[in-house]
Amino acid sequence: MDVLINVFVALHIIGIASLLGGFLTQMKAMGAGTARFSPAMLHGALTMLITGIALVGLHQAEDHPVNNLKIGIKLAVLVVILALVYVKRDEEKVGKGLFATVGALTVANIFIATLWT
């Protein structure tokens, strides 16, 4: 079961890398006002959602402790990110504020995951 958990952790990290990487590659375009949400950002957020749910289930199945408050906050932040990216995915340009918000929420989710012990 530990191998399965580690596989899902790796997939979760790939999802966050896709989301954050999509944001970082559009930083220059954000400055010019032409940033848009790439499909990689949407797919990364969906990957994070699916693998995160699987990880919680696997940890609970193994009777490992799960911090429900932390997971709930991470889920709420991810749902906001996913909603913003999904709704604006087909637009040619996304406002600087909205695009920066997605980037900030992504970084916040990373810090919640790593610093909250």
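Scroll up a little and you will see the structure.
Rules and cut-offs
Residues numbered from 1 in each chain as written. Predicted model: local features only at pLDDT ≥ 70, side-chain atom pairs only at ≥ 80, totals over all residues. Heavy atoms only, no water. Core = buried A, V, L, I, M, F, W, Y, C linked by side-chain atoms within 4.5 Å. Buried < 20%, exposed > 50% of the residue type's maximum accessible area, 1.4 Å probe, protein only. Helix = DSSP H or I, 4+ residues; strand = E, 2+ residues; numbered from the N terminus. Contact = heavy atoms within 4.5 Å. Axes fitted to C-alpha atoms, helices over the stretch in contact; angles between N-to-C directions. Parallel < 35°, antiparallel > 145°, perpendicular 65-115°, else oblique. Left-handed = near helix turned anticlockwise from the far one by under 90°. Nonpolar A, V, L, I, M, F, W, Y, C, P; charged D, E, K, R; others polar. Phe/Tyr/Trp six-rings, centres within 6.5 Å; stacked < 30°, edge-to-face > 60°. Lys NZ or Arg CZ within 6 Å of the ring centre and 35° of its normal. Expected span 1.5 Å × (residues − 1). Arc of directions from axis to C-beta. Polar contact = N/O pair within 3.5 Å; in protein donor to acceptor, adjacent residues only side chain to side chain.

Asks: What should I look at first to understand the nonpolar core in this one?
Replies: Soluble globular proteins tend to bury their nonpolar side chains together. By size, the foremost hydrophobic cluster in this structure holds 19 residues, and its most contacted members are Phe37, Met41, Ile81, Val85, Phe99 and Val102. Secondary structure elements with two or more residues in this core: helix 1 (2-25), helix 2 (27-32), helix 3 (39-61), helix 4 (68-87) and helix 5 (96-115). At five residues, helix 4 tops the list of elements feeding residues into this core. If sequence neighbours within four positions are ignored, Val85 has contacts with Phe37, Met41, Leu42 and Val102.

Asks: When you look at the packing of helix 1 against helix 3 in this model, what are you seeing that I'm missing?
Replies: Between two packed helices, both the angle of their axes relative to each other and the distance between the axes serve to describe the pair. Between helix 1 and helix 3, the least distance of the axes is 8 Å, while the angle of their chain directions is 155 degrees. The pairing of helix 1 with helix 3 is recorded here as roughly antiparallel in orientation. Crossing of helix 1 over helix 3 shows left-handed handedness. Here Leu4, Ile5, Phe8, Val9, Leu11, His12, Gly15, Ile16, Ser18, Leu19, Gly22 and Phe23 of helix 1 lie close against helix 3, whose contacting residues are Ala40, Met41, Gly44, Ala45, Thr47, Met48, Thr51, Gly52, Ala54, Leu55, Leu58 and His59. Tallied by class, residues from the contact of helix 1 with helix 3 come to 15 nonpolar, nine polar and no charged.

Asks: Explanation requested: the packing of aromatic side chains in the structure shown.
Replies: Two numbers describe a pair of aromatic rings. These are the distance of the centres and the angle of the planes. Across all of its chains, the model carries two aromatic pairs by this definition. Seen from their ring centres, Phe23 and Phe99 are 5.1 Å apart, and the 25 degrees between their planes marks the pair as stacked. Taken together, the residues span a long stretch of sequence, with Phe23 in helix 1 and Phe99 in helix 5 at a distance of 76 residues. Overall, the relative accessible area of 0% leaves Phe99 in the buried class. Look at Phe37 and Phe99: their rings are 5.3 Å apart centre to centre, the planes differ by 25 degrees, and that puts the pair in the stacked class. On the criterion of sequence distance, the pair formed by Phe37 in the loop between helix 2 and helix 3 and Phe99 in helix 5 is long-range, its members being 62 residues apart. Grouping aromatic residues by their ring pairs yields a cluster made of Phe23, Phe37 and Phe99. When the ring centre of Tyr86 is taken as origin, the NZ or CZ atom of Arg89, which lies over that ring, is 3.9 Å away.

Asks: I tried to follow helix 4 on my own but got confused; where do I start?
Replies: Since the α-helix packs 3.6 residues into each turn, any two residues three or four apart lie on the same face. The end-to-end C-alpha distance of helix 4 is 28 Å, a good match for the 28 Å that 20 residues give at a rise of 1.5 Å each. For helix 4, the full list of buried residues reads Lys70, Lys74, Val77, Leu78, Ile81, Leu82 and Val85. In a view along the axis of helix 4, the buried residues occupy a sector of 140 degrees, so they form one face of it. In helix 4, the exposed residues that point more than 90 degrees away from the buried face are Asn68, Leu69 and Val87. Those residues of helix 4 that are buried lie in contact with helix 1, helix 3 and helix 5. With a side-chain oxygen positioned 3.3 Å from the backbone nitrogen of Leu69, the residue opening helix 4 is Asn67.

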